[in-house]
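# Fold and contact review
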Amino acid sequence: MVSTPTNQSSGTLAQDAVQAVEAPGSLAKTAGHKFDYGHALVLSGGPGRTGAARLAARGALRIGAGLVTLGVPPSAQMEVASQITALMLTRVADAGAFEAVLEDARINALCLGPGLGFERARALVPVAVRAESAPYVVLDADALSVWADDPAELCDMLHDRCVLTPHGGEFARLFPDIAEKLNAVPEHGPAYSKVDATRDAAARCGAVVLFKGPDTVIAHPDGRCSVHAAAYGRAAPWLATAGAGDVLAGFITGLLARGFEPMAACETAAWLHVECARAFGPGLIAEDLPEMLPQVLRQLEA
């Protein structure tokens, strides 16, 4: 899936090497039961704020998670129920209800943030990252920005089964000193790069960080790092549309449910996300991205 720069004298990966994300291999399913491909749970916000979570859930289902459930507050149950079919629905009113849902150990990937709302995010994120069954956890949007007043509180909770997917603004809220260093005009070289910033963020919080943008950088707390550049022949300016990041969070969550480790899930999702946008072209809106995925996956099998 990636080209791996190596230390030529030893044949091992150089400590500061950065991998370029390339096309993944086959994502085809083999014979098995739906639970063989995981159960993803996406948490939704209240009425009028459920669209982002539904986008993420649709992405997780399209990318091959065996089951995907939306966890909604009771006040949003009818709104969401009227919009979904293959997706499942469960009521998650508060932290206690969330803990009860997570007693089902078959739920192995969580997505919190898209449209979640700050109050709900602050209550539910600690439950997700401290769950005894240790599911993978993708944190995006509100699940990141809610900790802007105390980023250390979030970092202290995280572990290497967590994935953070900030855009530039969210990154600056969580890692203000790192963002300041990244945005400073360098007075001498080498300049502090987005790769350096993402690596430092991942090391600080102990989780995988996917720093979004045309040059998406993905870093593991152990120092591994990869870059996906949506530029030149792979430019996808149509991704500058509301909800595209929610779909990406869903793609990552679905791949985690399928058993991908976090770095591989992020790399694969980033490549597929851009490829779906390129396959659709002008006029793209976020709803189109999951619907382009079957075509892109078929091309990988050709």
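So, here's what we can say about the structure. Residue numbers run consecutively from 1 along every chain, following the written order of its sequence. Where local features are concerned, this predicted model is filtered to residues with pLDDT of at least 70; where side-chain atom pairs are given and counted, the filter is 80 or more; whole-chain, interface and lining totals use all residues. To get the side-chain values, take all heavy atoms of the structure and skip hydrogens and water.

## Quick notes on the overall build of the protein chain
Strands are runs of DSSP state E lasting at least two residues, helices are runs of H or I lasting at least four, and both sets are numbered from the N terminus onward. Scanning the protein chain from N- to C-terminus turns up 12 helices and 11 strands. A principal-axis box enclosing the C-alpha atoms of the protein chain has dimensions of 55 × 50 × 40 Å. The cut-offs for exposure are 20% and 50% of the maximum accessible area for each residue type, with area from a 1.4 Å probe on protein chains only; residues under the lower value are buried, those over the upper are exposed, and the others partly exposed. Going through the 302 residues of the protein chain one by one, you find that 53% of them count as buried. Pairs of residues are marked as contacts when any of their non-hydrogen atoms sit within 4.5 Å. The contacts of the protein chain with a sequence gap of at least 6 include a subset with a gap of at least 24, amounting to 66%. Carbon together with sulfur atoms contributes 52% to the accessible area of the protein chain, which is approximately 12,800 Å² in total. Asp and Glu count as negative and Lys and Arg as positive, but His and the ends of the chain are not part of the count. To locate a charge, take atom NZ for lysine, CZ for arginine, CG for aspartate or CD for glutamate. Of the charged side chains in the protein chain, 23 are positive and 33 negative, and the gap between their average positions amounts to 6 Å. Each accessible area is a Shrake-Rupley estimate made with a 1.4 Å probe; only the visible protein chains count as cover when residues are assessed.

## Observations concerning the packing of aromatic side chains
The description of an aromatic ring pair rests on the distance of the ring centres and on the angle between the ring planes. Only centres within 6.5 Å qualify two rings of Phe, Tyr or Trp (six-membered ring in Trp) as a pair; their planes then separate them into stacked at under 30 degrees, edge-to-face at over 60, and tilted for everything else. For the structure shown, the criterion picks out two aromatic pairs. With centroids separated by 5.0 Å and ring planes inclined at 50 degrees, the aromatic side chains of F171 and F175 adopt a geometry described as tilted. Both residues of the pair, F171 and F175, belong to the buried class. By definition here, charges over rings are those cases where NZ of Lys or CZ of Arg is within 6 Å of the ring centre and within 35 degrees of the ring normal. Looking at R161, its charged tip hangs above the ring of Y136, at a distance of 3.9 Å from the centre. The side chain of K194 reaches across the aromatic face of F211, ending 4.4 Å from its centre.

## Here we look at the packing of helix α10 (residues 244-258) against helix α11 (residues 262-280)
All axes here are fitted lines through C-alpha atoms, helices being fitted over the stretch that makes contact, and every angle between N-to-C directions spans 0 to 180 degrees. Running from amino to carboxyl end, α10 crosses α11 at an angle of 135 degrees, the nearest separation of the two axes being 8 Å. The angle between α10 and α11 falls in the class oblique. Between α10 and α11 lies a crossing whose hand is right-handed. Residues A244, L248, F251, I252, L255 and L256 of α10 lie in contact with α11, whose contacting residues are P262, A265, C266, T268, A269, A270, L272, H273 and C276. Following the grouping adopted for this structure description, the nonpolar residues are Ala, Val, Leu, Ile, Met, Phe, Trp, Tyr, Cys and Pro, the charged ones are Asp, Glu, Lys and Arg, and the polar ones are all others, Gly among them. Taken together, the residues of the contact of α10 with α11 sort by class into 13 nonpolar, two polar and no charged. The scheme is simple: roughly parallel for angles under 35 degrees, roughly antiparallel for over 145, roughly perpendicular for 65 to 115, oblique for anything else. A crossing counts as left-handed when the near helix is turned anticlockwise from the far one by less than a right angle, and as right-handed when that turn is clockwise.

Purely geometric stuff here, so don't read any function into it on its own.
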